[in-house]
Every structure is written in C-alpha cells, then in structure tokens.
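# Secondary and tertiary structure notes
Chain by chain, the residues run as shown.
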Amino acid sequence: MKKLSLLAIGLCACLFASAQKVIVKGDLKCLKGVDAVSVNFTYDNMQVGKMTEADYITKKTTEGNEKEAGRGDKWREAWESDKQNVYPAKFRELFTKHSEIICKDEKQKYDIQVNTDFFEPGFNVGVMRQDAYINVTIRILDTENSNREVATVQILKSLGYTAMGYDFSVADRVGEAYARAGKVLAGKVKKACK
C-alpha cells in the first residue's frame, strides 16, 4: 500500500512537471538592473481550441443570440474586454511581484510583447472541469536600438485554474493562466540576472 501511494504521488508530480514547457532564446540578462519595462499584448493568429479566434467568436455569438436576443453580443463584448483588461492585468501583476520590474504602458528602454498563440478556455460546471491554458510567445525588444529583438520566451501550456475550484468564468480561469505566465517569465528573468 505504501509503495502504491508513493507511486501515485510520483506519477502526479511527473504529470504536473511535464504540463508546462518554457523555451528561451536569446539573453534575458539585458533586464538586469532595469526598473521598468513597457508591456504590450497581442492576439495575432490566435487559435481557440480547434478554431481560429474569428470562427470561435462567430460561433459563440451566434449560439448566444439564438438562446436569447443580445446574449451573444454581450458575450463578445466581454471577450474583447477581458483581452484588453483582465488578462494583461493578471500577467503584469505577477510579473512585477516576482521580478520587481514595474510594467508600464508608456515606452521604456525594453518592451515586452506578449502574443497569445493558443487559448483553451476550459470549463467548470461543478461536477466536471477542464483547466484553461494558453501558449504565449514573449518577445523582448530594445526600443533604443531599432526595436532589436533581444530575447524570445515561449511558454507552452500555462495552466489556468484557481486553488479552490471557484473558476466558473472564462476570465477567471484564463486570467490565472496569464498570471502563471507572468510568474514564469519573472522567474526566468531573475535566474538570468543573478
């Protein structure tokens, strides 16, 4: 029984360890001693599940409006609002907290561009759930040197869920995926700048 318990714990640890992959190209040491960076978010060519973002939005908007007039339109507005407000705020919060580099909107010497390549919204219906996750490509540009790309970080399968499981909205689940991505980037920066 004891061996079976240890095996189960080991298997769970392996699954969690293999869930996220981080690929760093270039040198993150450029951020050593930097107090602030500008951070921008894009969603170019983003896939949502097995669809393009445009197809996903059309499908969800149509389905919502068929159930109740205007419901799909409200969903689409919330979708766009979350992309501009919720997700960037979550990323910036944990990146700043764990790197001690302040994220600003205005131009700084270094600009961090976060593009979401893949977006799995997941679901939580109480008795069943699927965690949300995102894949992002993060480019660090030297704005004083013709926007020269200094480093690229890809974070694959940044999971989004809350510890207590009260993440019934897409914004909550995916917001946590962005928060984790910000924390992971901060960890890579701190390690490189030691």
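In the block above lies the structure referred to throughout.
Okay, so let's go over this structure. Since the structure is predicted, the reported quantities are computational estimates derived from the model, not experimental observations. (Residues numbered from 1 in each chain as written. Predicted model: local features only at pLDDT ≥ 70, side-chain atom pairs only at ≥ 80, totals over all residues. Heavy atoms only, no water.)

## With respect to the nonpolar core
Stated formally: We define a nonpolar core as any set of buried Ala, Val, Leu, Ile, Met, Phe, Trp, Tyr and Cys residues linked to one another through side-chain atoms lying within 4.5 Å. A simple rule labels every residue: compare its accessible area, found with a 1.4 Å probe on the protein chains alone, to the largest value its type can have, and call it buried under 20%, exposed over 50%, or partly exposed in between. Put simply, DSSP H or I for four residues or longer makes a helix, DSSP E for two residues or longer makes a strand, and each gets a number counted from the N terminus. The contact criterion used throughout is that any non-hydrogen atoms of two residues lie within 4.5 Å.
With 41 residues, the main nonpolar core has Leu31, Phe91 and Phe95 as its most contacted residues. Of all the secondary-structure elements, those providing two or more residues to this core are strand E2 (36-42), helix H2 (53-67), helix H3 (71-99), strand E6 (110-120), strand E9 (132-142), strand E10 (148-160) and helix H4 (170-192). Of all the elements, H4 adds the most residues to this core, at nine residues. When neighbours within four sequence positions are excluded, Leu31 is seen to be in contact with Val37, Ile101, Tyr110, Ile140, Val189 and Cys193.

## Examining the environment of Thr42
Definition in use: N or O atoms closer than or at 3.5 Å make up a polar contact, with two conditions inside protein: a donor-capable atom paired with an acceptor-capable one, and, for residues adjacent in sequence, both atoms drawn from side chains.
Take Thr42: it is sitting in strand E2. For the pair Thr42 and Gln113, spaced 71 residues apart in sequence, the C-alpha separation works out to 7.4 Å. Setting aside anything within four residues of it in sequence, one finds Thr42 in contact with Val114, Asn115 and Thr116. In terms of polar contacts, Thr42 uses its side chain to reach the side chain of Asn115, at 2.7 Å.

## As for the side chain of Asp111
To keep it simple, the criterion reads: In this tally, Lys and Arg are treated as positive and Asp and Glu as negative; His is ignored, and so are the chain termini. Salt bridges are defined by distance alone: a side-chain nitrogen of Lys or Arg within 4 Å of a carboxyl oxygen of Asp or Glu.
Mapped onto the elements of the fold, Asp111 is located in strand E6. No salt bridge forms around the buried Asp111; measuring N to O, its nearest opposite-charge neighbour Arg139 is 7.7 Å away. Among the polar contacts made by the side chain of Asp111, one reaches the side chain of Gln113 at a distance of 3.1 Å. Every residue in contact with Asp111, bar those within four places of it in the chain, is listed here: Ser38, Val39, Asn40, Arg139, Ile140, Leu141 and Thr143.

## Some words on the pairing of E9
Our working definition: Pairing between two strands is assigned when DSSP locates at least 2 bridges connecting them.
For E9, a buried count of ten out of eleven residues is recorded, marking the element as mostly surrounded by other parts of the structure. As defined by bridge partners, E6 adjoins E9 across ten bridges and the pair is classed as antiparallel. Of the residues in E9, the one forming a bridge with Tyr110 is Asp142. One ladder, built from ten bridges, connects E9 with E10; its direction is antiparallel. Residue pairing for E10: Asp142 is matched across the bridge by Arg148.

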